[in-house]
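# Breakdown of the fold
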Amino acid sequence: MEPRKRVLSGIQPTGHIHYGNYFGAVKNWVKLQEDYDCVYCVVDYHAMTMPYNPKKLVENTWDLIFNLLAVGVRPEYLCIQSLIPEHTELCWIMNCFTSYGLLTRMTQFKDKSSQSQEANGEGFVSAGLFDYPVLQAADILIYRADFVPIGKDQEQHLELTRNIAQRFNNQVGKEYFVLPAPLYTEALKVRSTADPERKMSKSLGPKHHINVFEEESRLRKQVRSAVTDTGDTPAGEMSPGVENLFLLLKASGKAEAHDSLMEDYKAGSLQYVSLKEAVADALAEQSNGFRARKAELMANKKEIKEQIRASTVEIRKLAQETVRDVKELTGLLNVRF
Ligand code: TRP
């Protein structure tokens, strides 16, 4: 049998997961585990590129690990970036194969550097933020990943990764790195229920995202107060708020309820309360399951942490192998451990 292709993805440790993250990315990670060898990395080094709280970094990292496990990510596929120092070692080497000109054209840097400046109030933008895409390239190349599941916002970073890999291969005269391909899967854009003009996001404030572990009464309240129709939508078009509720229903696997409510909508007889109720039921069912699973995991906190440390050690072996090869190919002193 052909070995399974490898998928790599990274996620920043910002603590909890909301339905925008879940339907937009994480649910897909869980699905990909069926067909691919996966490495899902909690990228704490990336989290240091913006102003952050050192006391919270480790806490957020473990929180995210438990949250990912609770929604179905397998422990053997999870690792923590800073426990695999080879990522930063490869990042340095890859820096020397990265075009400075290309790096200055990264749009995410432009967005984030203005955010960083505002957050500090002192105009500080770290060189780490500038170099962020090269560390991301190292994350991907170090496992010689075939595919990276991405949305539009990461396209440019993956293109840069391919450029770095290609340059490396040309320079060392060997097709060493696989050029990783994007895996475009159905990435759903969930909007804020409080302001459906905007993406569901943590940074907008508590009303603008629904935690996947939310307890039922609060979750229902949030859905009940969702903005439906502000009267600004042109006649004959569905308002973004209503569209968002239909999307949540469909994403939750409630196709039947979705279709029948859609019939009502088309007939002009849809009552928004019924739509909201159906969405609240669907989300509550999922959240209740996630919460129960998380409680089980939290009851075995120590064992779970050990398990993640062990899988990180296992995954690290692959990274060590790559760095060994890369050192050989680039003419560095290569000590075999
Ligand atoms: N930059 C990614 C994001 O913000 C996170 C990330 C870091 C990543 N390393 C990665 C994503 C490697 C995919 C592959 O979403």
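Note: the structure precedes this text.
In what follows, the accompanying structure is described. (Residues numbered from 1 in each chain as written. Predicted model: local features only at pLDDT ≥ 70, side-chain atom pairs only at ≥ 80, totals over all residues. Heavy atoms only, no water.)

Turning to the overall build of the chain, a few remarks are in order. When helices and strands are tallied, the chain shows 13 helices and 5 strands. Expected size for 337 residues packed as a compact globule is a radius of gyration near 20 Å; at 22 Å, the chain falls within 12% of this value. Seen along its three principal axes, the alpha-carbon backbone of the chain occupies a region of about 75 × 45 × 45 Å. Going through the 337 residues of the chain one by one, you find that 45% of them count as buried. Considering only residue pairs separated by 6 or more positions, the chain has 77% of its internal contacts joining residues 24 or more positions apart. Within the structure as shown, the chain displays about 17,400 Å² of accessible surface, and the carbon and sulfur contribution to it stands at 51%. For the chain, the separation between the mean place of its 42 positive charges and that of its 44 negative charges on side chains is 4 Å. (Helix = DSSP H or I, 4+ residues; strand = E, 2+ residues; numbered from the N terminus. Rg over C-alpha atoms; globule rule 2.2 N^0.38 Å. Buried < 20%, exposed > 50% of the residue type's maximum accessible area, 1.4 Å probe, protein only. Contact = heavy atoms within 4.5 Å. Areas by Shrake-Rupley, 256 points an atom, 1.4 Å probe, with all protein chains shown as cover. Lys, Arg positive; Asp, Glu negative; His and termini not counted. Charge placed at Lys NZ, Arg CZ, Asp CG, Glu CD.)

It is worth spelling out the packing of helix α4 (residues 86-95) against helix α13 (residues 301-330) at this point. The geometry of α4 relative to α13 is characterised by a closest axis approach of 10 Å and an angle of 25° between their N-to-C directions. Put simply, α4 runs roughly parallel to α13. Judged by the sense of rotation from one axis to the other, the crossing of α4 with α13 is left-handed. Of α13, the residues touching α4 (which contributes Glu 86, Glu 89, Leu 90, Ile 93 and Met 94) are Arg 316, Ala 319, Gln 320, Val 323, Val 326, Lys 327 and Thr 330. Residues that form the contact of α4 with α13 fall into these classes: 6 nonpolar, 2 polar and 4 charged. (Axes fitted to C-alpha atoms, helices over the stretch in contact; angles between N-to-C directions. Parallel < 35°, antiparallel > 145°, perpendicular 65-115°, else oblique. Left-handed = near helix turned anticlockwise from the far one by under 90°. Nonpolar A, V, L, I, M, F, W, Y, C, P; charged D, E, K, R; others polar.)

Turning our attention to the state of the cysteines. Following the criterion strictly, the structure yields 0 disulfides and no others. Unpaired in this structure, Cys 38 has its nearest cysteine sulfur neighbour in Cys 79, at a distance of 12 Å. Note on Cys 91: no disulfide assigned, nearest cysteine sulfur contributed by Cys 96 at a separation of 9.6 Å. (Disulfide = S-S within 2.5 Å.)

Take the site of the ligand next. Near the ligand you find Leu 8, Ser 9, Gly 10, Val 43, His 46, Tyr 132, Gln 136, Asp 139, Ile 140, Val 148 and Gln 154, and these make up its full shell. Separating a nitrogen atom of the ligand from a side-chain N or O atom of Tyr 132 is a distance of 2.7 Å. Separating a nitrogen atom of the ligand from a side-chain N or O atom of Asp 139 is a distance of 2.8 Å. The fraction of the free accessible surface of the ligand (360 Å²) that becomes covered by protein chains is 86%. For the shell around the ligand, the secondary structure elements donating two or more residues are β1 (6-11) and α7 (127-141). Sorting elements by how many residues they give to the shell around the ligand places α7 first, with 4 residues. The class makeup of the residues in the shell around the ligand is 5 nonpolar, 5 polar and 1 charged. (Near = heavy atom within 4 Å. Polar contact = N/O pair within 3.5 Å; in protein donor to acceptor, adjacent residues only side chain to side chain.)

The next point concerns the nonpolar core. With 53 residues, the main nonpolar core has Tyr 19, Tyr 22, Tyr 40, Leu 68 and Leu 275 as its most contacted residues. With 8 residues, the single largest contributor to this core is helix α12 (residues 272-299). Viewed by domain, this core spans two of them, domain 1 (6-188 + 301-330) and domain 2 (202-296), each represented by three or more residues. Among the nonpolar cores identified, the runner-up in size contains 36 residues, and Cys 41, Ile 142, Ala 165 and Tyr 176 belong to it. (Core = buried A, V, L, I, M, F, W, Y, C linked by side-chain atoms within 4.5 Å. Domains from an automatic or database assignment.)

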